[in-house]
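# Secondary and tertiary structure notes
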Amino acid sequence: MNNKPESTSEDRSFFGQPRGLQTLFFTEMWERFSYYGMRAILIYYMYYSVAKGGLGFDQPTAASVMSIYGSMVYLSSVLGGYLSDRVWGSRKTVFIGGILIMFGHIALSIPAGPMALFISILLICLGTGLLKPNVSEMVGGLYSKEDTRRDSGFTIFVFGINLGSLVAPILVGWLGLNYNFHLGFSLAAIGMFLGLVQYWFGGKKYLSKESLYPTDPMEPGDLKKLGVRGSIGLVAFALILILMSLLGKFNLTNFILLLSITAIATPVVYFTIFLTSKKVTPVERKHVWAYLGLFIAAAIFWAIEESGSSVLALFAANQTNNNLGGFKILPSWYQMLNPAFILIYTPIFAILWTKWGKKQPSSPAKFAVGMLFAGLSYLLMVAPVAMFGSSARVSPFWLVGSWAIVEIAEMLISPIGLSVTTKLAPRAFQSQMMSMWFLADAAGQAVNAQVVKLYTPENEIGYFTGVAVVAIVAGLIMFALVKPLKKLMAGIK
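First, a word on scope: everything that follows refers to the structure included in this document.

Scoring rules and cut-offs
Residues numbered from 1 in each chain as written. Predicted model: local features only at pLDDT ≥ 70, side-chain atom pairs only at ≥ 80, totals over all residues. Heavy atoms only, no water. Helix = DSSP H or I, 4+ residues; strand = E, 2+ residues; numbered from the N terminus. Rg over C-alpha atoms; globule rule 2.2 N^0.38 Å. Buried < 20%, exposed > 50% of the residue type's maximum accessible area, 1.4 Å probe, protein only. Areas by Shrake-Rupley, 256 points an atom, 1.4 Å probe, with all protein chains shown as cover. Lys, Arg positive; Asp, Glu negative; His and termini not counted. Charge placed at Lys NZ, Arg CZ, Asp CG, Glu CD. Phe/Tyr/Trp six-rings, centres within 6.5 Å; stacked < 30°, edge-to-face > 60°. Lys NZ or Arg CZ within 6 Å of the ring centre and 35° of its normal. Axes fitted to C-alpha atoms, helices over the stretch in contact; angles between N-to-C directions. Parallel < 35°, antiparallel > 145°, perpendicular 65-115°, else oblique. Left-handed = near helix turned anticlockwise from the far one by under 90°. Contact = heavy atoms within 4.5 Å. 1 Å grid on protein atoms, 1.4 Å probe; cavity = no way out; pocket = protein on both sides within 12 Å on 5 of 7 lines; lining within 4 Å. Points joined across faces, edges and corners; volume = space filled by probe spheres on them. Nonpolar A, V, L, I, M, F, W, Y, C, P; charged D, E, K, R; others polar.

### Details of the overall build of the protein
Helix and strand counts for the protein stand at 17 helices and two strands. Computed over C-alpha atoms, the radius of gyration of the protein comes to 22 Å, within 12% of the 23 Å expected from 2.2 N^0.38 for 493 residues, which places it in the range of a compact globule. Within the protein, buried positions represent 57% of all 493 residues. Surface summary for the protein: the accessible area is close to 20300 Å², and the carbon and sulfur share equals 71%. In the protein, 37 side chains carry a positive charge and 23 a negative one; their mean positions are 4 Å apart.

See below:
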């Protein structure tokens, strides 16, 4: 068994990267297969009639549930980061998360109506929160902060994420929409099982011994404090639900609103903790301030990018001509456009960052350019509606073009954000800081859960234009903040 940390520059056995990257690459690939396979058909499962094997939700509710579901998945990363830092260590936390995810997909594979859906949501949200931030944190642990392979390594890691995400909508979508939704969800469960097997055996060989231990283990009395705080939080949440019920306001719409507020408030609380903690040094505190600017930009980006499973999924089903020369395109297959373009772009950007080395643009500059591309992807969707109206079925190439543009933005923001998060993280909050990257996604989707209600055929032009303008303005502001942010980053590229 090899317990030696794989962070030295001599280890180049996996495409020039540490061998431990291979284990984490395939773990995340199978996890994403399960998640994006499920997500490709979930919105259709929710709004298809019961006679067609669905749950019979109305489309706005289904889109709102999709957004808040995605938000809660990433919000739970806070719990995953905390348990890794204080209790289990990253390697064990990831394994437990994978088990919960697998059982979540198994719950969806059982035809038990809305109850099975909500049980599945709970299990997958908790499991993903345990798994995702800690896998990414372990990737960062394979490199020193001076290792110029870091961005390239994270880019390869994101390639693995999107490899699983590419295959899943094709297979799960075909099985779920052509035969039975629950068979599709079963395939997602099998994918997570394969990921767990690979992680268990590969982790023993190629991941460092340090990943078995928490970086900031609990001191005597900490568990009691955690129990008290957790109990207070649960009681407060329960009281809010009781009050809503007494006022006659307890329904799915208002519950989603409550979750949205929670998802937006959580990163505010965490930034406050990081900026005031005595465990954070003055230099690390500057890093956190720099990260705040990147966080806000990332939240706006994810609000656009993640709408592919809600707004664009509805556009694909209702306003796209899916019959081309006798070949029928399943609406769920459009979800493969996201990972497909990532796989196309990844080698280009990996080579680009490696070739430029220390001369490459700073992380804030990459974010600024990415925001502009994100806005342009939504501006493109204005054109078909303006030219043909909201009742016409338009060419699928409009959706292809929109995804092609937004994935350029993702290449400039997602792997770069993962990388810079590990570099700017305070020592005492490494995994919890990685959770902050996923909280940007949670906050963006929480906003989506409310904004998506404005998306109707009559309001499409205003919807796409408004969101695009917000992203482009944010990108211009980010350009103006490049120098101040670089100064706060104190030499970290």
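### A look at the packing of aromatic side chains
Across all of its chains, the model carries 30 aromatic pairs by this definition. Relative to W437, the ring of W302 lies with its centre 6.3 Å away and its plane at 75°, an arrangement referred to as edge-to-face. Of this pair, W302 sits in helix 10 (residues 282-305) while W437 sits in helix 15 (residues 430-451), and the two are 135 residues apart along the sequence. According to the relative accessible area criterion, W302 is buried, its value standing at 7%. Chaining the aromatic ring pairs together yields one cluster made of Y44, Y45, Y47, Y48, F181 and F185. Against the face of Y48 rests K52, its NZ or CZ located 5.9 Å from the ring centre. One cation-aromatic arrangement involves K366 over W353; the distance from NZ or CZ to the ring centre is 3.9 Å.

### Focus: the packing of helix 10 against helix 16 (residues 460-480)
Closest axis-to-axis distance for the helix 10/helix 16 pair is 10 Å, and the angle between their directions is 155°. As summarised for this structure, helix 10 and helix 16 are arranged roughly antiparallel, according to the angle between their axes. Seen along the crossing, helix 10 lies across helix 16 with a hand that is left-handed. Note on element contacts: helix 16 touches helix 10 through V467, V470, A471, A474 and M478, opposite G293, L294, A297, I300 and I304.

### Points about empty space enclosed by the protein
Within the structure shown, the criterion is met by four cavities of 30 Å³ or more. Of the voids in this model, the largest cavity is the one considered here, and its volume is about 250 Å³. Y74, I161, W302, E410 and S414 are the residues nearest the centre of the largest cavity, which is lined by 22 residues in total. Among the elements that take part in the lining of the largest cavity, helix 6 (residues 150-178) stands out by supplying five residues, more than any other. Within the lining of the largest cavity, the residues separate by chemical class into ten nonpolar, five polar and seven charged. Here the second largest cavity is characterised by a volume of approximately 60 Å³. In terms of lining residues, the second largest cavity is bounded by Y36, R39, E305, G308, S309, Q335, N338, P339 and W403. Only helix 1 (20-47) and helix 12 (337-356) provide two or more residues apiece to the lining of the second largest cavity.

### Regarding the environment of L166
Mapped onto the elements, L166 comes out in helix 6. Between the C-alpha atom of L166 and that of L337, which follows or precedes it by 171 residues, the distance is 7.5 Å.

### A few points about the environment of G202
Mapping G202 onto the fold places it in helix 7 (residues 181-206). Judged by its relative accessible area of 10%, G202 falls in the buried class. The sequence separation of G202 and F26 amounts to 176 residues, and the corresponding C-alpha distance is 9.5 Å. In contact with G202, not counting residues within four places along its chain, are T23 and L207.

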